[in-house]
Amino acid sequence: MEIRIEHLYKKYGGQEVLRDVSFRIPAGMYGLLGSNGAGKTSFMRILATISEPTAGAVTINDMDIRNKKEIRKIVGYLPQEFSVYPSMKVYAALDYLGILAELPKAVRRQRIDTVLKQVNLESEKNKKFKNLSGGMKRRFGIAQALLNEPEILIADEPTAGLDPEERIRFYNLFSELAKDRIILLSTHIAGDIEAACSRTAVLDHGKVMFEGSIAEMRRLSEGNVYLTEIKPGEINDFKKKYKVIHLQQNGPDILCRFLSDTIPAVTHVLCEPTVEDSYMYLLKQCGEGE
Amino acid sequence: MLYFKELKRICFSVVYGLFLFLLVFGWYQNFYHATDKEILASKDKDTSYQSQITGGSILEKPDKNAGSFGRKRKEVPDTVMLGGTDHLLMEYRENSYAVYPFGYYKEVVLNDAEQDEILKILCEITGLDEENLWNLPDDYFPYVNGNIVHFKEDNPDENGTITIEAGEKEERIQEAEDKTKHFVPQVSYDRFKELMKKAEDMIGRGSNYSMDMLLTYYGQAEMNYEEAAEEYRKTIYEDKVSRAFARLFCDYITRSLGLYPVFVAVVFWMKDRRNKMNELIDSRQFGTAKLVMVRFLAMLTACMLPVFLLSFESLLPLLQYSSESGISIDALAFVKYILWWLLPTAAVVLSLGTFLTILTSAPAAVLVQAVWWFMDTGMTGLWGDTGYFTLMIRHNTLRGSELIRQNFTILWVNRGIMLLFTFIFLLLSCVIYERKRKGKCSHGYQGQRYYRILKKRFFTGIQK
């Protein structure tokens, strides 16, 4: 089970949103990290067969992405922004989407019951979609993506707008589902990738900046992440010198986590890098490169 | 399975409720009770659908001793010339000519040179000079002349009562008269037609002087007993009673089906995007052509179902009439007429709505269909005026089955063309939708953008 992307390009009008993207996605949880506008959604839409590459090749289990009918059978897609006809009930909406997935009636019924259980929406099946909470709607999104028992589940920003508890529940669910399939999820929150995925790719302005395991990602910024304490009045000057990852109030002072390629000229502690540190480090490198 | 799901979704939508309301309202205003009325009129218990006088039903066998047997369409040259000249003189005197380019009134004022030309036409037809034409005796034209009513100096009288002397015209035409006292045409009918054509060219398209209009207003004559008996025979034996009612029913319903289904199609297709459901649908393996066809058929069913149900209001009394009178009727007349007369109209409107909504992702189809509907309404006569591209076939009478027979070929070609258009629109819908499913077509985004801009400007205008 593998998704293979080779020299993928995507243009909208004259604007290039994906540039020479090449990597492989193996089974398990795979994270796609990038800021807004990095090209994550365009990439995922191509994998979900609702957008076509301008150039390059994508194969899913050795099947060309242009073989839409077959690809759609094995792919489940949760778009970033989606909804359902507001007055449709949860069960009816899944049934409707099940018909569009060409599932026979008996299989559809059995699958709907299973996915409702999986996403813990059984008790809400007779509720109208418009009456679901934000978290329930996202869970519905997962349920509809799982209807056809996909080998590949593509989830575009699945936890956007969810509270921390719901987010954890989501990643736990994804981890369970990832046992026998590829789960590709995109996010701009590095912590989510670190918590849930085994591998990741970082996209920036349509280009792949990094592709590898989480451990490899962490190692990117090894020796470049520092912690220091500064006075509130020094923040602006400090930001001019160093790439600040985050600031935290610590009594009268401010605890500052930052990146530096050289040994900083302030009192500091060298830190163990996280995925977020490496992500910021990559973005800094990109910024400098440009 | 998807068909029933879509049908249910349409039937429970607000826009469909609105469609039903407009359809039933139009039917209620125009056709409701027409059958009962005609049956009662045949028993002299009510007025006929097409008359204000008790009796006169198409179901009533003509009585040899009756004074009048009703009127029928007939091209009598003298009557047509009398009416056309009267009308032209009236409009010439006012220099105000009515034209109906798309069925809607517009006044035309001619310049001096054109007025002189009209005067020459009038002089040639009447054999009178300008001075005579301005000083005609009151009874030069009959008081009732087709759609023109002339009032005498003492009419209305002091009490305000208007007296109309009917039946005068025919007597006058038959008399050889003094051309200065009564209208006596001085040209042949063919020359008259040429002169009317000349007048229409000057006044403009849709004037009162096209042969169609002249025949509509003045192409009628009193029937004699034999003709009335023949009409009755046609109604009972050729039309099998119910076909006459089915035609009138279709005539009224077609005006609703020529426009309202477009709202159903537009709202239905726009729902996917408005509810952000399009990506969930597009990423599934269900075929595009299958989806477009199933949805189209569901919409067509939803639009035609109430039409079939409404026809029972006419069919049931006719069945009862048949059992009471022993006259056999065609029980399937409504079904047959609805299928060949109305279904292609509804189909082409729905398919156009489908195509333009998929193409633009905006309600552009409403505007296009409204324009088509207005033009078609304006350009199509009330009966016997079906062209190859007529959207709504009209036959606003219970009689005139011969018109249907005469135009049989053109009617079938017309319906065929409408079905061909339907097929083309659906085919194009599939192609565009398939491209959109692949993210290849950006017309929709442009369409939506322009729609949003227009909508914003419209509402800003209202607020101001």
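The model shown is predicted, which means the values in this text are computed figures rather than measured ones.

A. Broad picture of the confidence of the model for chain A. Per-residue confidence for chain A gives a mean pLDDT of 90, with 99% of residues at or over 70. For chain A, per-element mean pLDDT is lowest for helix 10 (residues 275-289) of chain A, which scores 81, and highest for helix 3 (residues 90-100) of chain A, which scores 96.

B. Representation of the confidence of the model for chain B in the model. Residue and element names in this part refer to chain B. In this model, chain B carries an average pLDDT of 86, and 88% of its residues clear a pLDDT of 70 or more. Per-element confidence in chain B is highest for helix 15 (residues 333-360), whose mean pLDDT is 96, and lowest for helix 7 (residues 168-174), whose mean pLDDT is 49. For this predicted complex, the interface score ipTM comes out at 0.86, alongside a pTM of 0.80.

C. Examining the nonpolar core more closely. One finds L47, A143, I154, I183 and L184 of chain A to be the most contacted residues of the largest nonpolar core, which totals 82 residues. Among the elements that line this core, the one with the most residues is helix 3 of chain A, at eight residues. Both of domain 1 (2-219) and domain 2 (225-272) of chain A provide at least three residues apiece to this core. Beyond its immediate chain neighbours, meaning those up to four positions away, L184 of chain A contacts I25, Y30, L32, L47, I152 and I154 of chain A. The next biggest cluster of nonpolar side chains, apart from the first, holds 72 residues, and it includes V267, M299, I338 and L350 of chain B.

D. Layout of unusual backbone geometry. The residue E157 of chain A is not glycine, and still its phi comes out positive at about 45 degrees. Along the chain, E157 of chain A falls in the loop between strand 7 (152-156) and helix 6 (164-177). Even without glycine at this site, S361 of chain B takes up a positive phi of about 55 degrees. Within the secondary structure, S361 of chain B sits in the loop between helix 15 and helix 16 (364-379). Judged by C-beta crowding, with 24 C-beta atoms within 10 Å, S361 of chain B ranks as buried.

E. Spotlight on the UniProt feature "transmembrane region" (unreviewed entry) in chain B. Residue and element names in this part refer to chain B. Residues given the UniProt feature "transmembrane region" (unreviewed entry) here are residues 7-28, 252-270, 291-312, 338-359, 371-391 and 411-433. As annotated, residues 7-28 has a helix share of 91% and a strand share of 0%, and its two end C-alpha atoms lie 25 Å apart. Structurally, residues 252-270 comprises 84% helix and 0% strand, and the distance from its first C-alpha atom to its last is 29 Å.

F. Structural view of the sheet that holds strand 3 (residues 28-33) of chain A. Residues and elements named next belong to chain A. With mixed pairing, the six strands of this open sheet are ordered in space as 6-7-8-3-9-10. With one partner strand each, in any of the chains shown, strand 6 (75-78) and strand 10 (207-213) form the two edges of the open sheet. Here the average twist between neighbouring strands, direction ignored, is 15 degrees. Bridge count between strand 6 and strand 7: four bridges; the pairing is parallel. Paired with G76 across the strands is L153, a residue of strand 7. Docked against the sheet, helix 5 (residues 134-146) engages strand 6 and strand 7, running at close to 160 degrees with respect to strand 6. Sheet strands in contact with helix 6 are strand 3, strand 7 and strand 8 (182-187), and its direction is about 155 degrees off that of strand 8.

G. Structural detail: the packing of helix 3 (residues 34-42) of chain B against helix 14 (residues 288-325) of chain B. Residue and element names in this part refer to chain B. At their nearest, the axes of helix 3 and helix 14 sit 8 Å apart, and the two run at 25 degrees to each other. Between helix 3 and helix 14, the crossing angle belongs to the class labelled roughly parallel. Contacts from T35, D36 and I39 in helix 3 reach S314, P317, L318 and Y321 in helix 14. Grouping the amino acids of the contact of helix 3 with helix 14 by side-chain chemistry returns four nonpolar, two polar and one charged.

About the criteria used
Residues numbered from 1 in each chain as written. Chains lettered and ligands numbered in written order. Predicted model: local features only at pLDDT ≥ 70, side-chain atom pairs only at ≥ 80, totals over all residues. pLDDT = per-residue confidence, 0-100. Helix = DSSP H or I, 4+ residues; strand = E, 2+ residues; numbered from the N terminus. Core = buried A, V, L, I, M, F, W, Y, C linked by C-beta atoms within 7 Å. Buried ≥ 20, exposed ≤ 12 C-beta atoms within 10 Å, placed from the backbone. Domains from an automatic or database assignment. Contact = placed C-beta atoms within 7 Å. UniProt positions renumbered as here; feature names shortened; annotations may be inferred. Pairing = 2+ DSSP bridges. Axes fitted to C-alpha atoms, helices over the stretch in contact; angles between N-to-C directions. Parallel < 35°, antiparallel > 145°, perpendicular 65-115°, else oblique. Nonpolar A, V, L, I, M, F, W, Y, C, P; charged D, E, K, R; others polar.

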